[in-house]
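# Analysis of the macromolecular model
The residues making up each chain are set out below.
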Amino acid sequence: MREALREAGKALERNEVPVGCVIVKQGRIIGRGHNQREMLQDSTAHAEMIAISAACQNVGSWRLEECEIFVTLEPCLMCAGAIVLARIPRLVYGAADPKAGACGSIYDVVRDPSLNHTVSVTAGVMSEASGSLLQEFFRTLRDRNQSAEV
């Protein structure tokens, strides 16, 4: 999770929502990503999507069956769906997302028994550190917007 937090820090430095992600296979990081929606002007450029693409390229397969995904914020619907489709067996995330979380908060896509794959979830790992980055980002954004209004 520390590596996912480092990725989130990279997003924060680039004025992106600070979410970071790493994918691990047999103790080795095979994919990493951080939010890049603003930089790439791509609504799908979430940390998880970038990390999943990198991991798939690294192993030469769309199946990530022996991997774990670590992300600083509970994945959204899109990312939860991608985790299921990539056949990742375990998800570890930091802060819950009560507005868009799809791994237990609003929806529980990754554990839906009607899908062909379900994911084991560990929530709340280093949630304070993850949440602090997000709070810092949105506080700064609000301050900037208030200054611009004056």
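Details of the structure are given in the entry above.
What comes next concerns the included structure. (Residues numbered from 1 in each chain as written. Predicted model: local features only at pLDDT ≥ 70, side-chain atom pairs only at ≥ 80, totals over all residues. Heavy atoms only, no water.)

## Points about the nonpolar core
What counts is decided by this rule: As used in this record, nonpolar core signifies buried Ala, Val, Leu, Ile, Met, Phe, Trp, Tyr and Cys residues forming a set joined through side-chain atoms within 4.5 Å. Only protein chains enter the accessibility calculation, which uses a 1.4 Å probe; a residue is then buried when its area is under 20% of its type maximum, exposed when over 50%, and partly exposed in between. The way it works is that DSSP assigns letters per residue, a run of H or I at least four long becomes a helix, a run of E at least two long becomes a strand, and they are numbered from the N terminus. Whether two residues touch is decided by their heavy atoms; if any such pair falls within 4.5 Å, the residues are in contact.
Core analysis: the biggest nonpolar cluster contains 32 residues, and I23, I52, L64 and L91 have the highest contact counts within it. Elements represented by at least two residues in this core include exactly β1 (20-25), α3 (47-59), β3 (67-73), α4 (77-85), β4 (90-95) and α5 (127-149). Take this core: its biggest share by element is five residues, from α3. Residue contacts for L64: discarding those within four places in its chain leaves I23, I52, A55, C56, V59, A86, R87, I88 and P89. Ranked by size, the runner-up nonpolar core spans six residues in total, among them M1, A4, V24 and V92.

## Thoughts on the pattern of salt bridges
Heads up, the rule is: Just to be clear on terms, a salt bridge is a Lys or Arg side-chain nitrogen sitting within 4 Å of an Asp or Glu carboxyl oxygen.
Enumeration according to the criterion identifies six salt bridges in this entry. Between E68 and R90 there is a salt bridge, with the nearest N and O atoms lying 2.6 Å from each other. Of this pair, E68 sits in strand β3 while R90 sits in strand β4, placing them 22 residues apart in sequence. The network of salt bridges with shared partners includes E3, R6, E7, K10 and R32.

## Some points on the sheet that holds β4
Put simply, the rule reads: The rule for pairing is simple: two strands pair if DSSP sees at least two bridges between them. To get an axis, a line is fitted to the C-alpha atoms, and for a helix only the part in contact is used. The angle between two axes follows their N-to-C directions and goes from 0 to 180 degrees.
Strands sit in the order β2-β1-β3-β4-β5 across an open sheet of five strands; the sheet is mixed. Both edges of this open sheet fall to β2 (28-34) and β5 (120-123), since each of them pairs with a single strand only. Adjacent strand axes in the sheet meet at a mean angle of 15 degrees when their direction is disregarded. Bridge count between β3 and β4: five bridges; the pairing is parallel. Within the sheet, the bridge partner assigned to F70 lies in β4 and is V92. Packing against the sheet, α3 makes contact with β1, β2 and β3, and its axis sits at approximately 145 degrees to β2.

## Quick notes on the pairing of β1
The element β1 is largely enclosed, with a buried count of five among its six residues. Inspection of the sheet shows β1 paired to β2 by six bridges, in the antiparallel sense. Note that in β2 the partner of K25 across the bridge is R28.

## Points about the side chain of H46
Looking at the secondary structure, you find H46 in the loop between α2 (37-40) and α3. Residues in contact with H46, not counting those within four places in the same chain, are N35, R37, C76, M78 and C79.

## With respect to α3
The condition that has to hold: By this rule, a helix spans an expected 1.5 Å times one less than how many residues it contains. Throughout, the arc means the angular range of directions from the helix axis out to the C-beta atoms.
Compared with an ideal rise of 1.5 Å per residue, which puts 13 residues at 18 Å, α3 spans 18 Å between its outermost C-alpha atoms and is within 8% of the ideal. By the burial criterion, the buried members of α3 are A47, E48, A51, I52, A55 and C56. For α3, the buried positions fall inside an angular range of 155 degrees around the axis, keeping them on one side. Phi for G60, located one or two positions after α3, is positive at around 75 degrees.

## Structural notes on the environment of E3
Under the convention used in this document: Two N or O atoms form a polar contact when they lie within 3.5 Å of each other; inside protein one atom must be a possible hydrogen donor and the other a possible acceptor, and for residues adjacent in sequence the pair counts only when both atoms belong to side chains.
Following the sequence through the fold, E3 ends up in helix α1 (residues 2-13). Residues E3 and T72, 69 residues apart in the sequence, show an inter-C-alpha distance of 9.7 Å. The contacts of E3, once residues within four sequence positions are left out, are V22, I29 and R32. Within the structure, E3 has its side chain in polar contact with the side chain of R6 (distance 2.7 Å).

## Digging into the packing of α3 against α4
Heads up, the rule is: Note that the term roughly parallel is reserved for angles under 35 degrees, roughly antiparallel for angles over 145, roughly perpendicular for angles of 65 to 115, and oblique for everything else. For any pair of crossing helices, the crossing counts as left-handed if the nearer helix is rotated counterclockwise from the farther one by less than a right angle, and right-handed if it is rotated clockwise.
Where α3 meets α4, the axes come as close as 9 Å, and the angle between the chain directions of the two elements is 25 degrees. With respect to their mutual orientation, α3 and α4 come out roughly parallel. Here α3 and α4 pass one another in a crossing that is left-handed. Two secondary-structure elements touch here, α3 through E48, M49 and I52 and α4 through M78, C79, A82 and I83.

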